[in-house]
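Breakdown of the fold
Take a look at the letters that make up each chain.
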Amino acid sequence: HVVQLDAHLDYVDQRHGVRYGHGNAMRRAAECPFVDQVLQLGIRSVSSTDKAGFEDAVRAGSTIRSVRQLRAAGIDAVLEKLPQGDAVYLTIDIDGLDPSIAPGTGTPSHGGFTFYEAQDIVRGVAQRARGNVVGIDLMEVAPDYDPTGNTTTVGARLLLDAIGYVLRERDARAA
């Protein structure tokens, strides 16, 4: 399973002849035979994928939730799509967070997650996976676009928290 926090779907098949770029990472992941499900959270901008790409993602079984949809349903309800204890790869694009707290990205998009929402999602993923998070990445952090330095701090804190949540769940499972 792949869980993506992002403002953009990143599901275009090909752009300007490029099949392996940041705009099509989730499509390539979904094509992998070992990826059972892609859960895409925070999607609110269509700049990286057209309507056909969106429809392809839905047909391939992606669960796509905007920030508003996730808030209305609740984080726990949305994360119930993940089977307990299954392996999860977590990818965090910093533009999944609101640019008021993480402006240092090339594609800021208003209406993103608050820090605490992102933190709760990361914690919930670790809990649903029972610590079986097999990888985590943070991308699209552009420090030059943030004179306050807040974006790097927020990103680093999310990664640190993610590692802590995963290790806590693994310890609980081992006990």
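What comes next is a walk through the structure. (Residues numbered from 1 in each chain as written. Predicted model: local features only at pLDDT ≥ 70, side-chain atom pairs only at ≥ 80, totals over all residues. Heavy atoms only, no water.)

All right, on to the overall build of the protein then. Helix and strand counts for the protein stand at six helices and five strands. Listing the helices and strands of the protein from first to last along the sequence gives β-α-β-α-β-α-α-β-α-β-α. Here the C-alpha atoms of the protein give a radius of gyration of 15 Å, agreeing with the 16 Å that 2.2 N^0.38 yields for 175 residues. With the C-alpha coordinates of the protein rotated into their principal frame, the extents come out at 50 × 40 × 30 Å. Per-residue burial for the protein yields a buried fraction of 47% across its 175 residues. The contacts in the protein between residues at least 6 apart in sequence include a share of 74% that link residues at least 24 apart. Carbon and sulfur atoms make up 54% of the accessible area of the protein, which totals about 8700 Å². (Helix = DSSP H or I, 4+ residues; strand = E, 2+ residues; numbered from the N terminus. Rg over C-alpha atoms; globule rule 2.2 N^0.38 Å. Buried < 20%, exposed > 50% of the residue type's maximum accessible area, 1.4 Å probe, protein only. Contact = heavy atoms within 4.5 Å. Areas by Shrake-Rupley, 256 points an atom, 1.4 Å probe, with all protein chains shown as cover.)

Here the focus is the side chain of Asp-95. As for its position among the elements, Asp-95 is in the loop between strand 4 (88-93) and helix 5 (115-128). Of the side chains with opposite charge, Arg-44 lies nearest to the buried Asp-95, which makes no salt bridge, at 5.5 Å. If sequence neighbours within four positions are ignored, Asp-95 has contacts with Asp-6, Ala-7, His-8, Arg-44, Thr-105 and Thr-107. (Lys, Arg positive; Asp, Glu negative; His and termini not counted. Salt bridge = Lys/Arg side-chain N within 4 Å of Asp/Glu carboxyl O.)

Glancing now at the packing of aromatic side chains. Inspection of the entire model under this criterion finds one aromatic pair. When the centroid spacing of 5.5 Å and the interplanar angle of 70° are considered together, the rings of Phe-115 and Tyr-116 count as edge-to-face. Owing to a relative accessible area of 17%, Phe-115 belongs among the buried residues under this scheme. Using a relative accessible area of 60% as the deciding quantity, one classes Tyr-116 as exposed. Just above the ring of Tyr-20 sits the side chain of Arg-28; from NZ or CZ to the centre is 5.7 Å. (Phe/Tyr/Trp six-rings, centres within 6.5 Å; stacked < 30°, edge-to-face > 60°. Lys NZ or Arg CZ within 6 Å of the ring centre and 35° of its normal.)

To continue, consider helix 5. Across its 14 residues, helix 5 extends 20 Å between first and last C-alpha, which sits within 8% of the 20 Å expected from 1.5 Å per residue. Most of helix 5 is tucked away: 10 of the 14 residues are buried. One or two positions beyond helix 5, positive phi appears at Arg-130, with a value near 55°. (Expected span 1.5 Å × (residues − 1).)

On to the nonpolar core. Residues Val-3, Leu-5, Leu-41, Ile-121 and Val-125 are the most contacted members of the largest nonpolar core, which totals 30 residues. Among the elements of the structure, strand 1 (2-5), strand 2 (38-41), helix 3 (67-73), helix 4 (75-79), strand 4, helix 5 and helix 6 (150-174) are those that each provide at least two residues to this core. The element contributing the most residues to this core is helix 5, with six residues. Beyond its immediate chain neighbours, meaning those up to four positions away, Ile-121 contacts Leu-5, Leu-41, Leu-70, Ile-75, Leu-79 and Phe-113. If you look at the next biggest cluster of nonpolar residues, it comprises 10 residues, including Leu-9, Met-26, Ala-29 and Ala-57. (Core = buried A, V, L, I, M, F, W, Y, C linked by side-chain atoms within 4.5 Å.)

A sheet is described by the order of its strands in space; here five strands give the open sequence 3-2-1-4-5, paired in parallel fashion. Single-partner strands in this sheet number two, and they are strand 3 (63-65) and strand 5 (133-139). Direction aside, neighbouring strands of the sheet carry axes that sit 10° apart on average. Across three bridges, the pairing between strand 2 and strand 3 is parallel. Residue pairing across strands places Leu-39 opposite Thr-63, the latter belonging to strand 3. In this fold helix 6 packs onto strand 4 and strand 5, with an angle of close to 175° to the strand it touches most, strand 5. (Pairing = 2+ DSSP bridges. Axes fitted to C-alpha atoms, helices over the stretch in contact; angles between N-to-C directions.)

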